[in-house]
Amino acid sequence: PEYADVVFLVDSSDHLGTKSFPLVKAFINKMISSLHIEAHKYRVALGQYSDQLHSEFQLSTFKSRNPMLNHLKKNFSFIGGSLRIGNALREAHRTYFSAVASRRDRKQFPPILVVLASAESEDDVEEASKALREDGVRIVSVGLQDASEEELKAMATAQFHVKLRSVRDLGAFSQNMTQIIKDATQYRDGAADDILVEVCQGPSVADVVFLLDVSVNGSQENFEYLKEFLEESVSALDIKENCMRVGLVTYSNETKVINSLSRGLNKSEVLQNIQNLSPRAGKAYTGAAIRKIRKEVFSARNGSRKNQGVPQIAVLVTHRPSEDNVTKAAVNLRREGVTIFTMGVEGASESQLEKIASHPSEQHVSKLKTFSDLAAHNQTFLKKLRNQITHTVSVFSERTETLKSGCVDTEEADIYLLIDGSGSTQATDFHEMKTFLSEVVGMFNIAPQKVRVGAVQYADSWDLEFEISKYTNKHDLGKAIENIRQMGGNTNTGAALNFTLGLLQKAKKQRGNRVPCLLVVLTNGMSKDSILEPSNRLREELIRVYAIGVKEANQTQLREIAGEEKRVYYVHDFDALKDIRNQVVQEICAEEACKEMEADIVFLVDSSGSIGLENFIKMKTFMKSLVSKSQIGADRVQIGVVQFSDINKEEFQLNRYMSQNDISDAIDRMTHIGETTLTGSALTFVSQYFSPAKGARPNVRKFLILITDGEAQDIVKDPAVALRQEGIIIYSVGVFGSNVTQLEEISGRPEMVFYVENFDILQHIEDDLVFGICSPREECKRIEVLDVVFVIDSSGSIDHDEYSIMKDFMVDLVKKADVGKNQVRFGALKYADDPEVLFYLGDLGTKSEVISVLQKDQPMGGNTYTAEALGFSDHMFTEARGSRLHKGVPQVLIVITDGESHDADKLNATAKALRDKGILVLAVGIAGANPVELLAMAGSSDKYFFVETFGGLKGIFSDVSASVCNSSKVDCEIEKVDLVFLMDGSNSIHPDDFKKMKAFLASVVQDFDVSVNRVRIGAAQFSHTYRPEFPLGTFIGKEEISFQIGNIQQIFGYTHIGAALRHVGHYFQPDMGSRINAGTPQVLLVLTDGQSQDEVAQAAEDLRHKGIDIYSVGIGDVDDQQLIQITGTADKKLTVHNFDELTKVKKRIVRNICTSGGESSKYLICAQWAAHGRRGHTGPQGKTGIPGPDGLEGSWGLKGPQGPRGETGMKGEKGGLGSKGPQGPPGPGGEAGSPGHLGSQGNK
């Protein structure tokens, strides 16, 4: 069920009091505004009670929202009296839920009663609520002020009870309430053994630790402010074992863990601990405190869920500088994946707060003048916290994916890395530098004709690590970067720049000066020699330089090196490099991605009263800046602007202005409207601006950018869905006054929402937005592995210009392909009276060769014998002529014609013979072509395309290229994999959707080489039971497996993913067909459409620990936070809105599976005891320690010389097993370590 009958029962007793009543009224107002109230959707009734029930209106009284709001305004006022909840429940049962009160079908519209109570009832509530529940009414209880938790639980259905601290919290709670009503609508009464997992409210799956400086000198009042801030924050969080866990740690000169994460599962207990806090005298040793929480609080044995993909967050609140060094301690905590927020009050040191906090500091540091300011900061803090969780769980990985797809356009480039290896860099830091560079170049397609990468390391002098032509694939390049050894010495950047310039000049010559040349410089110190001269020479050679500085690097020098502010990056410490990786890559890729930017963009600007003039001006600056980064023009980017508050006002439509200056001037002239925020009505109004009548262009991508600071007072979801269904891409930009849930409803996906604290931060999102417009996500960005033959009508009816348009059409298709002997091969023949081959599939190995031959071709003239040409083309699809049909590479023939065929009677048979061979025929007809003939060639209507004129070819390009692209295979990096599909067969999946899921999996199978020695596939299905369908390797061959998947019957039932994960583990055992012991990558793909009703985290962690890569696909209304606990990391989960969208993510899933095995499953067996781990880096000269924990099984490390016994080391990253060294004295008992610092190479 999607809708319900909702009755609000509101406390109007003396306990609540006349002062608080307006807040309750505002809450009801918000609830009515946020529900779809219509005859066949939600119906709403309202009553208030004290000792008696006073009914305001029945479910059937009002059919829509406005009369209800009117009633609230005029007739809804406080009654007063004693609080008898039990009596009110009995009367509500009779008044609203008895048969007379016009019932609807309860299966379709379940009855829900929302009870607000402010204190303990004076009569018994249990009997009355039980009677309601037995009658099928779902009760949601909301407690305010002094309500009793026991009573709230006793009244509520299942988990639907909430306790708020004060009536004030109702305002912020209203958006959660809408979700709770949805959850209650869809709630299914489980069978007796069906344990329901608690649903978490909003983004609230995280481990959060508060670190508090408690020597608040002198004033008890300040300490009370701190406690109130904590109480208010903690009260608003959803604290439960599987949602938010909260740790509390206090410090002054010593650090005290008040409650660990494993003790922070119960809100009332945490609140009690806050109540009991007392100030302690002493100095502030913040560094020591941070060290302690890293070792003792963020550890799995004390309740941290870091191994389950749950975000780890620390919040430091202090009011004075630290006495000890904080930098090192903070770096180590951040390195373990903890995000740190710092809040400085009064005399805290701003520079220390910035060094402690995560990058970028403006999002993670808050400075407050006095303790009394904490109260006002509370809502902002909670929004930052939730924003961080959403970012980790949903946004970051999706934006990275968008970035990767945008970087596909940077097909060719020569990149040199210049790495500072001077002595000031610690070994771990040097390692982090290499990881960063590896990840940056890993975003590109590394190959001799594509992107090439070379590296130079420098200190006193320079050293060529490897030349640009040495490594021809990503894997070898990654290994080479990993193997760079630090040299040590001073920082002579100038000389190194000079040397690298020579290498870049040489590289330019090799490729005839036609590919972009880039230099990425990474340094952590001030250069000892001059850099001006070499920097200028680099610019003269048109080399784009990216300067990245860490720690002591000098920002002026960095600017001189890069020559342009936008290519300069600076971070406080090496661990923050990972936080700027995407920025650097985006800047590199934007050049190509935005080269031919074409878009219709409409800004929809909130001009309501809450914005204020100052922010209105900042908003205009933001828009003008976006305009300045776009290429404006009738065939490039057009921009229109509409303002709204409670009215909508057109500023200018898309085709009004054709230059940046005119648009900027028009934005400057905008005046502020004021009034309330009716975003929904504005979304409906703006849809007309994407029509040709208002200047929009057909076949051009359309974007709406919404900028708002307030909560919409009307429904936004329906008008937004309508816009998105028209193909309009919506980005929402909101500051913290806006409601992020609404923004996500508007854009449809969290990564399309930019939610920032204030208008000053807007400039940081400009580049992300522009990139998203230059390179929106496409289902299929590149044709990867395919054989394509063009059959080109070259008859006399086509003049020279028309022939050129046809050639451009083909060239554009070639541009979209990854041309190469192992990727896409093209062949072409032209025909008129007779066919003539231009080139065979195996002939041309590069994109430029294919384009050049096509462009030189001239029309032959003569009659149109299409069937003869098709028959002749058959020999082009043979192995001798370069076809890879026998290797399973898909084959496509594209015929382009403008006239009727002279041998039309033979078309049917000739084309069918090609199709029967497994060749996909796409027919493109222009002007005089006959649609009946086109259909005869293509075989089905979705495979032929017809346009009235040659000019119309441009309009069908995206459809034709999508057909070609979707038929191509992913270029798979691995040969072997054991792949298991785990399918959700529960009740919530409609049988038609289950069929779509099976068809989708069968299509995934087509992309792999399924055989005993290559890819083995298994499948299993689950609901609350588990059914093995077929284990790995039972069936061989694509056809057989697709057939078996098609035969799977849906089992129905509840959704127990946790149990299914435990069961499916046995598929990955050698006796079940798995090759896990031979080091074959093990991959599990989980598909589900809902929230699991049992615990998933532990079962999933156990599987991952065995080296199984888990990917999850969530379809529809799924819980991202739960999916991430299945995969352990956000980049292995995908979500789609419905089962039809599965086809859109097929390539991405296959690509993920094709790159798996790099992660958790490269095993080599080390002797008999096979302790699983990746091969570690060569260790530093050894300190003897106690044996480490069992790692994942790895290859032998290089043997290091025996060192003297050292002190216990810092915890490093997990490494592999080294060879057995000479026995040292026993080390002191350390904790389980991750790998140590990278050392110099030992002797084998």
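Here the residue index of a chain counts from 1 through its sequence in written order. Owing to the predicted nature of the model, reporting of local features is limited to residues with pLDDT of at least 70; listing and counting of side-chain atom pairs is limited to 80 or more, with chain, interface and lining totals taken over all residues. Side-chain numbers here rest on the full set of heavy atoms in the structure, without hydrogens or water.

- Going by what an unreviewed UniProt entry lists, the protein is known as Collagen alpha-6(VI) chain-like and is assigned to Leptonychotes weddellii.
- UniProt positions are given in the numbering used here, feature names are shortened, and annotations may be inferred rather than shown by experiment. UniProt's Subcellular location (unreviewed entry) comment on the protein is quoted here verbatim: "Secreted, Extracellular space, Extracellular matrix".

### Section: the overall build of the protein
Then comes step 1: Helix and strand definitions follow DSSP, with helices as H or I runs of at least four residues and strands as E runs of at least two, each counted in order from the N terminus. Within the protein, the regular secondary structure consists of 37 helices and 36 strands.
Then comes step 2: Here the C-alpha radius of gyration of the protein, 33 Å, is about what a compact globule of 1244 residues would show, namely 33 Å.
Then comes step 3: Oriented by its inertia axes, the alpha-carbon framework of the protein measures out at about 100 × 80 × 70 Å.
Then comes step 4: Out of the 1244 residues in the protein, the part that is buried amounts to 56%. Both definitions apply: the radius of gyration is a C-alpha atom measure, and the globule rule equals 2.2 Å times residues to the power 0.38. Burial classes follow relative accessibility: with a 1.4 Å probe on protein chains only, a residue under 20% of its type's maximum area counts as buried, one over 50% as exposed, and anything between as partly exposed.

### Let's talk about the sheet that holds strand β24 (residues 753-756)
Then comes step 1: One open sheet holds the six strands; their spatial order is β21-β20-β19-β22-β23-β24, and the pairing between them is mixed. Edge strands, defined here as strands with exactly one partner in the open sheet, are β21 (648-652) and β24. Averaged over all pairs of adjacent strands, the angle between strand axes in this sheet comes to 15°, irrespective of strand direction.
Then comes step 2: Contacts are assigned to residue pairs with any non-hydrogen atoms lying within 4.5 Å of each other. Helix axes use the C-alpha atoms of the stretch in contact, all axes being lines fitted to C-alpha atoms, and the angles between their N-to-C directions lie in the range 0 to 180 degrees. Sheet contacts for helix α23 (residues 717-725): β22 (702-708) and β23 (728-735); angle to β23, the most-contacted strand, approximately 140°. Being paired, for any two strands, means DSSP has found at least two bridges between them.

### Some words on the confidence of the model for the protein
Then comes step 1: As a per-residue measure, pLDDT reflects the predictor's confidence and takes values from 0 up to 100. When pLDDT is averaged across the protein, the result is 87; 92% of the residues are at 70 or more.
Then comes step 2: Below pLDDT 50 for its whole length, residues 190-195 participates in seven contacts with residues either more than four positions away or in separate chains.
Then comes step 3: Between residues 1158-1201, whose pLDDT stays under 50, and residues either more than four places distant or in other chains, the model counts 110 contacts.

### Concerning the pairing of strand β4 (residues 111-117)
Then comes step 1: Within β4, seven of the seven residues are buried, which leaves the element mostly enclosed by the surrounding structure.
Then comes step 2: Neither face of β4 is exposed, since P111, L113, V115 and A117 on one face and I112, V114 and L116 on the opposite face are all buried.
Then comes step 3: Bridge analysis of strand β1 (residues 5-11) against β4 gives five bridges, and the strand direction is parallel. Paired with V7 across the strands is L113, a residue of β4.
Then comes step 4: Across six bridges, the pairing between β4 and strand β5 (residues 138-143) is parallel. Among the inter-strand pairings, I112 is bridged to a residue of β5, identified as R138.

### Regarding the environment of I715
Then comes step 1: Secondary-structure assignment places I715 in the loop between β22 and α23.
Then comes step 2: I715 gets classed as buried once you look at its relative accessible area, which sits at 17%.
Then comes step 3: In this structure the C-alpha to C-alpha distance between I715 and N1047, which are 332 residues apart in sequence, comes to 43 Å.

### A few points about helix α17 (residues 532-540)
Then comes step 1: Those residues of α17 that fall on the buried side of the exposure criterion are P534, S535 and L538. The arc that holds every buried residue of α17, seen down its axis, measures 100°, which confines them to one face. Of the residues in α17, the exposed ones pointing more than 90 degrees away from the buried face are E533 and E540.
Then comes step 2: At the C-terminal side of α17, L542 shows a positive phi close to 60°. When we speak of the arc, we mean the arc of directions from the helix axis to the C-beta atoms.

### A look at the UniProt feature "domain: VWFA" (unreviewed entry) in the protein
Then comes step 1: UniProt feature "domain: VWFA" (unreviewed entry): in the numbering of this structure it lies at residues 5-181, 207-385, 414-584, 600-769, 787-960 and 978-1149.
Then comes step 2: The span residues 787-960 carries 34% helix and 22% strand; its end-to-end C-alpha distance comes to 15 Å.

### A closer look at the packing of helix α14 (residues 427-441) against helix α19 (residues 577-593)
Then comes step 1: Between α14 and α19, whose axes approach to 10 Å, the crossing angle comes to 30°. In this view, α14 runs roughly parallel relative to α19, as classed from their interaxial angle. The crossing of α14 and α19 is right-handed. Across from E432, M433, F436, E439 and V440 in α14, the residues of α19 making contact are L577, I580, R581, V584 and V585.
Then comes step 2: Split into classes, the residues belonging to the contact of α14 with α19 amount to seven nonpolar, no polar and three charged. Any angle that is under 35 degrees is reported as roughly parallel, and any over 145 degrees as roughly antiparallel; angles of 65 to 115 degrees are reported as roughly perpendicular and all others as oblique. If you view the pair so one helix is near and one far, a crossing is left-handed when the near helix is turned anticlockwise from the far one by less than a right angle, and right-handed when it is turned clockwise. Residues are grouped as follows: Ala, Val, Leu, Ile, Met, Phe, Trp, Tyr, Cys and Pro are nonpolar; Asp, Glu, Lys and Arg are charged; all remaining types, including Gly, are polar.

### Some points on the state of the cysteines
Then comes step 1: For the purposes of this analysis, a disulfide is any pair of cysteine sulfur atoms at a distance within 2.5 Å. The final tally for this structure, using the stated rule, is four disulfides.
Then comes step 2: Through a disulfide, C407 is tied to C589; the S-S separation comes to 2.0 Å. On the sign convention where negative is left-handed, the bridge of C407 and C589, at about 105° about the S-S bond, is right-handed. Residue C407 is found in helix α13 (residues 374-407), and its partner C589 is found in helix α19; the two are separated by 182 residues along the sequence. Here the two residues C407 and C589 agree in accessibility, since each one is buried.

### Quick word on the sheet that holds strand β27 (residues 835-839)
Then comes step 1: Pairing within the open sheet is mixed, and its six strands lie in the order β27-β26-β25-β28-β29-β30. Of all strands in the sheet, those with a lone pairing partner are β27 and β30 (944-947), marking the two edges. Averaged over all neighbouring strand pairs, the angle between strand axes comes to 20°, with direction disregarded.
Then comes step 2: As defined by bridge partners, strand β26 (residues 824-831) adjoins β27 across four bridges and the pair is classed as antiparallel. Each residue of the ladder has a partner; that of L829, found in β27, is V837.
Then comes step 3: Packed onto the sheet, helix α30 (residues 931-938) meets β28 (891-897), β29 (919-926) and β30 and runs at close to 165° relative to β29.
Then comes step 4: Across the sheet, helix α31 (residues 953-967) lies against β25 (786-793), β28, β29 and β30, angled at about 180° from β29, the strand it touches most.

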